[in-house]
Amino acid sequence: MSETPTQCPVCGDLLVEVEAALNRTWGNVLATSFGSSQLQIRLEGKNWMPFMEPDRSAKGLYCTKCGSLTIAPSIEEHRAALGLER
């Protein structure tokens, strides 16, 4: 990340850089029979699309006060679909 914002847009407190990921635990593997999880998003009037998949991390900003988390999508084709690729 180039310039890290210093204030949370939710509460105004300190933001710190983090890495976000969907990591499988043994409990998850046993409960879902080796199934996987996806974090999905949907723009108004659009279909759901994967934002993050297991084993792919993304850059993020975490608020040290309210716990809000901002993450950047790690799936290149979805970054393009969201208009984030130039």
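Note: the structure precedes this text.
Note that the structure is predicted; figures quoted are calculated from it, not measured.

Cut-offs applied
Residues numbered from 1 in each chain as written. Predicted model: local features only at pLDDT ≥ 70, side-chain atom pairs only at ≥ 80, totals over all residues. Heavy atoms only, no water. Helix = DSSP H or I, 4+ residues; strand = E, 2+ residues; numbered from the N terminus. Buried < 20%, exposed > 50% of the residue type's maximum accessible area, 1.4 Å probe, protein only. Contact = heavy atoms within 4.5 Å. Areas by Shrake-Rupley, 256 points an atom, 1.4 Å probe, with all protein chains shown as cover. Pairing = 2+ DSSP bridges. Axes fitted to C-alpha atoms, helices over the stretch in contact; angles between N-to-C directions. Patch = residues over 30% accessible without salt bridge, like charges linked within 9 Å, V, L, I, M, F, W, Y side chains within 5 Å. Salt bridge = Lys/Arg side-chain N within 4 Å of Asp/Glu carboxyl O.

(A) How the structure looks around the overall build of the chain. Scanning the chain for helices and strands turns up two helices and five strands. Counting from the amino terminus, helix and strand elements in the chain follow one another as β-α-β-β-β-β-α. Looking at the chain residue by residue over its 86 residues, the buried ones come to 20%. By sequence separation, contacts in the chain at least 24 residues apart represent 47% of the contacts at least 6 residues apart. Summed over all atoms, the accessible surface of the chain reaches about 6,400 Å², with 49% contributed by carbon and sulfur.

(B) Here's a closer look at the pairing of strand 4 (residues 58-63). Looking at chain direction, strand 1 (residues 15-20) and strand 4 are connected through six bridges and run antiparallel. Among the inter-strand pairings, valine 16 is bridged to a residue of strand 4, identified as tyrosine 62. In terms of strand pairing, strand 4 meets strand 5 (residues 69-71) through three bridges, oriented antiparallel. Paired with leucine 61 across the two strands is threonine 70, which belongs to strand 5.

(C) Expanded view of the sheet that holds strand 1. One open sheet holds the three strands; their spatial order is 1-4-5, and the pairing between them is antiparallel. Each edge of the sheet is formed by a strand with only one pairing partner; in this case those strands are strand 1 and strand 5. The average undirected angle you get between the axes of adjacent strands in this sheet is 30 degrees.

(D) Representation of the environment of lysine 59. Tracing the sequence through the fold places lysine 59 in strand 4. Separated by 38 residues in the primary sequence, lysine 59 and alanine 21 place their C-alpha atoms 8.9 Å from one another.

(E) View of a nonpolar patch on the surface. A cluster of nonpolar side chains, Leu14, Val16, Tyr62 and Leu69, forms an exposed patch at the surface whose accessible area comes to about 330 Å². On the secondary structure map, leucine 14 appears in the segment before strand 1. Looking at leucine 14, the relative accessible area reads 44%, which means it is partly exposed.

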